[in-house]
Amino acid sequence: SGKLPPNQRVKWRGDSALGDEIVGGYYDAGDYVKFGFPMAAATTMVAWGAMDFKSSYQRAGQWDNVKAMIKWATDYFIEAHTSKYELVGQIGAGGPDHAYWGRAEDMTMNRPSYKISASRPGSDLAAETAAALAAASIVFKGDQANPEYSAKCLRHAKELYEFAEKYKGKYSDSIPDAANFYNSWSGFQDELAWGAVWLYRATKDNTYLNKAKAINLYTPTEFSWDNKMAGVQILLAHVTKETGYIQNARNFCNNLLNDNNRKTNDGLVFIQQWGSLRHASNVAFACLAGQALGIPGISTKVPAKRQIDYILGDNSRKFSYLVGFGKSYPKKPHHRGASCAGVGVGQCDINRPGDNPKVLMGALVGGPKAKDDNAYSDERNDYICNE
């Protein structure tokens, strides 16, 4: 979203939503709402990967691209942090947005902005955004092209975490429209711990480590935009070396990745129908990161890698779920812009026969919507499988 830089790589996209209260950031899925909570969660994950697997990005020639991807989000979060105890958490209303099938560049609907504040708190949103900015500050530390940016990210991260702690509440109670799409089902304690452990990694200030350790933790059954507890356990196991955290991290990874009862016949870890491949890849990443960080007893490298291989086409369907990768991949993802043939009336139609005119290169679709390798359809209208 926003005014796109000349070097952006999706050449069929143009500037959009330049009238938003906060310009920039990322749209959600195949739609045009800017939901701050999942945007921040995704940014934290990308920054974690960039930080702990930097050499892999460099070998792939993608280091500058991943930094640009992170910075597009963090620039938005910094601007959205409009005062010490205020954060814009959503731009666009879900209902009107979802009713519009067209290009982002052609939007004309009203796009309201929604904030959290001292009187309308959102500890989960503020702490997750703090986590994203803290993680990004580590990625950008020592960046010769922008030496002040890391400190700027960290300053906002600290203020947002203070906001999250001082005024407690669920963001989806304060932004009711978000509750219809990204409700904070797990509450805000996991984000308070998550934000604290990332601030500890960024600052080495034991105050933040103690805050994370003071929160009651448990072993979850997913690692997602909503529930960060598995990531907290893995990072605390790494930084503290304490037996309890190590055991919890080990239990999470081994229970999910080594239990064949949770898998499809082809080996996909199935957690739920919404974003089944996202869930599987999140678990795979977290557990591979845990192994890379040296946490003992996580013996899941083979089944974790299996999740990624499955996604890229090593399955009985011989089908890659990553758009543009391999010989057979989704041709009709549920994405407005990619479905449009051009500009003007009649160019965008959700019921258009045939493949999308634009290739949504690199997008991961939702995936099978049941614990069945064949429970997937490459249909534009199927927003569970194909968004």
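Refer to the preceding data block for the structure.
Residues numbered from 1 in each chain as written. Predicted model: local features only at pLDDT ≥ 70, side-chain atom pairs only at ≥ 80, totals over all residues. Heavy atoms only, no water.

**Quick word on the packing of aromatic side chains**
(1) Moving on: One pass over the full model with this rule turns up 25 aromatic pairs.
(2) Moving on: For the pair F319 and Y376, a centre-to-centre distance of 5.4 Å together with 45° between the ring planes defines the contact as tilted. In this pair, F319 sits in the loop between α14 (301–311) and α15 (336–339) while Y376 sits in the segment after α15, placing the two residues 57 residues apart along the sequence. The residues F319 and Y376 share a single accessibility class, namely buried.
(3) Moving on: One aromatic cluster is present, built from ring pairs that chain together F35, F37, Y171, F181, Y182 and W225.
(4) Moving on: In this arrangement the basic side chain of K71 is found over the ring face of Y149, its NZ or CZ atom lying 4.7 Å from the centre.
(5) Moving on: Its guanidinium or amino end placed over the ring of Y329, K331 lies 4.9 Å from that ring's centre, counting from NZ or CZ. (Phe/Tyr/Trp six-rings, centres within 6.5 Å; stacked < 30°, edge-to-face > 60°. Helix = DSSP H or I, 4+ residues; strand = E, 2+ residues; numbered from the N terminus. Buried < 20%, exposed > 50% of the residue type's maximum accessible area, 1.4 Å probe, protein only. Lys NZ or Arg CZ within 6 Å of the ring centre and 35° of its normal.)

**So, a nonpolar patch on the surface**
(1) Moving on: A cluster of nonpolar residues, I308, L312 and F325, forms a patch on the protein surface that exposes about 220 Å² of accessible area.
(2) Moving on: By the secondary structure assignment, I308 is in helix α14.
(3) Moving on: Taking the relative accessible area as the measure of exposure, I308 reaches 32% and is therefore partly exposed. (Patch = residues over 30% accessible without salt bridge, like charges linked within 9 Å, V, L, I, M, F, W, Y side chains within 5 Å. Areas by Shrake-Rupley, 256 points an atom, 1.4 Å probe, with all protein chains shown as cover. Salt bridge = Lys/Arg side-chain N within 4 Å of Asp/Glu carboxyl O.)

**Quick notes on the pattern of salt bridges**
(1) Moving on: Counting across every chain of the model gives 22 salt bridges.
(2) Moving on: Residue D31 is joined to R336 by a salt bridge in which the shortest nitrogen-to-oxygen separation is 2.4 Å. Pair noted here: D31 is in the segment before β1 (34–35) and R336 is in helix α15, with a separation of 305 residues, a long-range link.
(3) Moving on: Here D31 falls in the buried class, since its relative accessible area comes to 5%.
(4) Moving on: Residue D382 is joined to K369 by a salt bridge in which the shortest nitrogen-to-oxygen separation is 3.2 Å.

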